[in-house]
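Examination of the molecular architecture
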Amino acid sequence: MKSEVLHVEFDNVTMEEAVDRAIELINEDGFKYAVTPNPEIVWLCRKDEELREAVSSAALVIPDGIGVIYGAKMLKRPLKEKVPGADFAERVISALAAEHKSVFLFGAKPGVAELAAEKLSEKYPGIVIAGTNDGYFSDDEPIIDKINAAKPDLLLVCLGAPKQEKWMKKNADKLSAKLAIGLGGSLDVYAGVVERAPEKWQKMNLEWLYRIVKQPKRIGRAMRLPAFMLAVLGERISGK
Ligand code: UDP
């Protein structure tokens, strides 16, 4: 079932349902991709048609962040729960590890994907690291060739939004992975380069605030959250 928030159609799934769906998609033939929009991405979709199309073509659209959950609630189209992208992908990796399936880590600064690979292999013995590539490149083709030679079950595309969503959509016909997930800065988190908010902050739904405190230069981007909330409020009042 889908629930629409400012013209983005989210899958109304719990974390467990999202992981089950991802595993189903991995077990099916052909390339598919999943996106993890937070309020910032929903906001960007309003003005960026290419991004909107990339998001709406995804096989799975999961609500990353409490802002989307509040927005859906205000619009009376509630979503079951927030499904943070980094946790979601880690759970998928954990399930794949049990079957010795493979993941390719693509994105972040040079060296980060390799470090993330080491950490994930330690944490989930059994996972096969099919390959890694940093996210600073000028030509898609050598990267696509590298991914296709590795034939991963799962491909994490961590280039930040909207680059990662557009990249997956643009190259969908060329990629031979089973499922790709657009995941923003998750490789930095897996590698331990960027610290995740402590559990207490996560439970209080204040992870977004922790990120601003730790990286004040994000404040400009963070202003898209109130803009998103105001747009939700406007839509609720106008009853569109
Ligand atoms: N990045 C990249 N290539 C680029 C631009 C960004 O690989 O051309 C990476 C960047 O190094 C970081 C991630 O994309 O690892 C974006 O992280 P950010 O925290 O902005 O994403 P969020 O999780 O907030 O969506």
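In what follows, the structure referred to is the one given above.
The following paragraphs examine the structure supplied in this document. (Residues numbered from 1 in each chain as written. Predicted model: local features only at pLDDT ≥ 70, side-chain atom pairs only at ≥ 80, totals over all residues. Heavy atoms only, no water.)

Taken together, 15 residues are adjacent to the ligand, and Gly135, Lys163, Gly185, Asp188 and Arg218 come closest. Between an oxygen atom of the ligand and a side-chain N or O atom of lysine 163, the distance comes to 2.7 Å. Contacts to the ligand include glycine 185, whose backbone N or O atom sits 2.8 Å from an oxygen atom. Coverage of the ligand by the protein amounts to 80% of the 550 Å² it exposes when considered alone. Partitioned by chemical class, the residues of the shell around the ligand number 4 nonpolar, 5 polar and 6 charged. (Near = heavy atom within 4 Å. Polar contact = N/O pair within 3.5 Å; in protein donor to acceptor, adjacent residues only side chain to side chain. Areas by Shrake-Rupley, 256 points an atom, 1.4 Å probe, with all protein chains shown as cover. Nonpolar A, V, L, I, M, F, W, Y, C, P; charged D, E, K, R; others polar.)

It is worth spelling out the nonpolar core at this point. Core analysis: the biggest nonpolar cluster contains 39 residues, and Phe106, Leu155 and Trp167 have the highest contact counts within it. Among the nonpolar cores identified, the runner-up in size contains 38 residues, and Leu25, Leu96, Ile127 and Cys158 belong to it. (Core = buried A, V, L, I, M, F, W, Y, C linked by side-chain atoms within 4.5 Å. Buried < 20%, exposed > 50% of the residue type's maximum accessible area, 1.4 Å probe, protein only.)

Okay, helix α13 (residues 224-238) next. Compared with the 21 Å implied by 1.5 Å per residue over 15 residues, the 21 Å span of α13 between its first and last C-alpha is a close match. Those residues of α13 that sit buried are Phe228, Ala231, Val232 and Glu235. Taken end-on, α13 shows its buried residues confined to a sector of 100 degrees, consistent with a single buried face. Opposite the buried face of α13, at more than 90 degrees from it, the exposed residues are Leu230 and Ile237. As for α13, its buried residues are in contact with β1 (2-5), α2 (39-47) and α4 (66-74). Taken from the residues just after α13, glycine 239 is the one with a positive phi, measuring 70 degrees. (Helix = DSSP H or I, 4+ residues; strand = E, 2+ residues; numbered from the N terminus. Expected span 1.5 Å × (residues − 1). Arc of directions from axis to C-beta. Contact = heavy atoms within 4.5 Å.)

This part covers the pattern of salt bridges. Any two side chains of opposite charge can pair if their charged atoms end up close together. Per the stated rule, a full pass over the model turns up 17 salt bridges. One salt bridge in this structure joins glutamate 90 and lysine 123, with 2.7 Å as the shortest N-O distance. Linking glutamate 90 in helix α5 (residues 85-97) with lysine 123 in helix α6 (residues 112-123), this pair joins segments that are 33 residues apart in sequence. Exposure remark for lysine 123: the relative accessible area of 52% places this residue in the exposed category. One salt-bridge network, in which partners are shared between bridges, spans Glu4, Arg77 and Glu235. (Salt bridge = Lys/Arg side-chain N within 4 Å of Asp/Glu carboxyl O.)

In this structure the tally under the stated criterion is 0 disulfides. Here cysteine 45 is not disulfide-linked; the sulfur of cysteine 158 is the nearest cysteine sulfur, at 18 Å. Relative accessible area serves as the criterion here: at 4%, cysteine 158 is assigned to the buried category. (Disulfide = S-S within 2.5 Å.)

If you walk through the whole model with that rule in mind, you get 4 aromatic pairs. With centroids separated by 6.4 Å and ring planes inclined at 35 degrees, the aromatic side chains of phenylalanine 31 and tyrosine 33 adopt a geometry described as tilted. Residue classification places phenylalanine 31 among the buried residues on the basis of a relative accessible area of 17%. Members of the aromatic cluster, each reached through a chain of ring pairs, are Phe106, Phe137 and Trp167. (Phe/Tyr/Trp six-rings, centres within 6.5 Å; stacked < 30°, edge-to-face > 60°.)

A grouping of Trp208, Leu209 and Val213 is seen on the molecular surface, where their side chains present a nonpolar patch of about 270 Å² in accessible area. Here leucine 209 shows up in helix α11 (residues 207-214). On the basis of relative accessible area, leucine 209 is assigned to the partly exposed category, the value being 32%. (Patch = residues over 30% accessible without salt bridge, like charges linked within 9 Å, V, L, I, M, F, W, Y side chains within 5 Å.)

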